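Descriptive structure summary
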Amino acid sequence: MIVTDVASVKGSVVVMLKVCLVVCQKNFIPGHPIAGSEKSGIDAVNENLFVRHRVILTPSENPMRRQWKPFPSLWRAVDAELSLMSVEEHDKVLALTSHLPHMLAYTLVDSAGTAFARIVKFFVMPQVVFVISRIAGSDPVMWHDIALANRAALLSG
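Structure report, in brief. (Residues numbered from 1 in each chain as written. Predicted model: local features only at pLDDT ≥ 70, side-chain atom pairs only at ≥ 80, totals over all residues. Heavy atoms only, no water.)

Here's the deal with the packing of aromatic side chains
Which entries qualify depends on this criterion: Only Phe, Tyr and Trp rings are paired, with Trp represented by its six-membered ring, and only when their centres lie within 6.5 Å; those with planes under 30 degrees apart are stacked, over 60 edge-to-face, the remainder tilted. By definition, any uninterrupted DSSP run of H or I lasting at least four residues is a helix, any uninterrupted run of E lasting at least two residues is a strand, and each is numbered from the N terminus. Accessible area is worked out with a 1.4 Å probe on protein chains only. A residue is then buried under 20% of its type maximum, exposed over 50%, and partly exposed in between.
Under the criterion given, the structure shown has one aromatic pair. Relative to W75, the ring of F50 has its centre 5.1 Å away and its plane inclined at 90°; by these criteria the two rings are edge-to-face. Here the residue F50 occupies a position in the loop between β3 (31-33) and β4 (54-57), and W75 occupies one in helix α3 (residues 72-77), the gap between them amounting to 25 residues. Residue F50 is classed as partly exposed on the basis of its relative accessible area, which comes to 25%.

Here's what the structure looks like:
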């Protein structure tokens, strides 16, 4: 049996697993599909969510590394593209390319409110406003938890 996750932060998941689930740890391969939307709940179900999206696997600390070779076929079966990274590299890369942009989007929209859209439309392409507004429409509780879980990578920049 192989166990995986789909969390946006790997370091805290790996640490918790070592502490709480020693029995399961040897079968655990941290994974992170870079797919999703600002929507959540049952109404946000998307059967093609992983199609042509990258999935990052971080098996570097896994003692069963040689035995996990069939596992990537799960992701390939849903047409995902695979990448391998260390846990540390994953958390640093995602801090800069996903977590920090989410924090900035929330800050921009919260600080400027409706004036933000008018200001940005005047200076840049409307697509930028759409992207920032869409990102800031994501679940704030989830992104609060992600920011706390990846605090070290976010602060080290």
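Details of the sheet that holds strand β5 (residues 81-84)
Worth spelling out the cut-off: A pair of strands is labelled paired if DSSP reports no fewer than 2 bridges between them. Every axis in this analysis is a line fitted to C-alpha atoms, fitted for helices over the stretch in contact. Angles between the N-to-C directions lie between 0 and 180 degrees.
Taken together, the three strands give an open sheet; going across it, the order is β3-β4-β5, and neighbouring strands pair in mixed fashion. Strand pairing shows two members of the sheet lacking a second neighbour, β3 and β5, which therefore form its edges. In this sheet, neighbouring strand axes are inclined to one another by 20° on average, regardless of whether the strands run parallel or antiparallel. Pairing geometry for β4 and β5, over four bridges, is parallel. Its bridge partner lying in β5, I56 is registered against S83.

So, the packing of helix α4 (residues 87-112) against helix α7 (residues 140-149)
This is how it is decided: Oblique is the label for every angle not falling under 35 degrees (roughly parallel), over 145 degrees (roughly antiparallel), or within 65 to 115 degrees (roughly perpendicular). By convention the crossing between two helices is left-handed if the near helix lies anticlockwise of the far one by an angle smaller than a right angle, and right-handed if it lies clockwise. Contacts were defined at the residue level, with two residues in contact if any of their heavy atoms lie within 4.5 Å. For this classification, Asp, Glu, Lys and Arg are treated as charged, while Ala, Val, Leu, Ile, Met, Phe, Trp, Tyr, Cys and Pro are nonpolar and the rest, including Gly, are polar.
Across the interface, α4 lies against α7 with an axial gap of 10 Å and an inter-helix angle of 130°. With respect to α7, the axis of α4 lies oblique. At the point where α4 passes α7, the crossing takes the left-handed sense. On α7, the residues that touch S98, H99, H102, M103 and Y106 of α4 are P140, W143, I146 and A147. Within the contact of α4 with α7, the residues separate by chemical class into six nonpolar, three polar and no charged.

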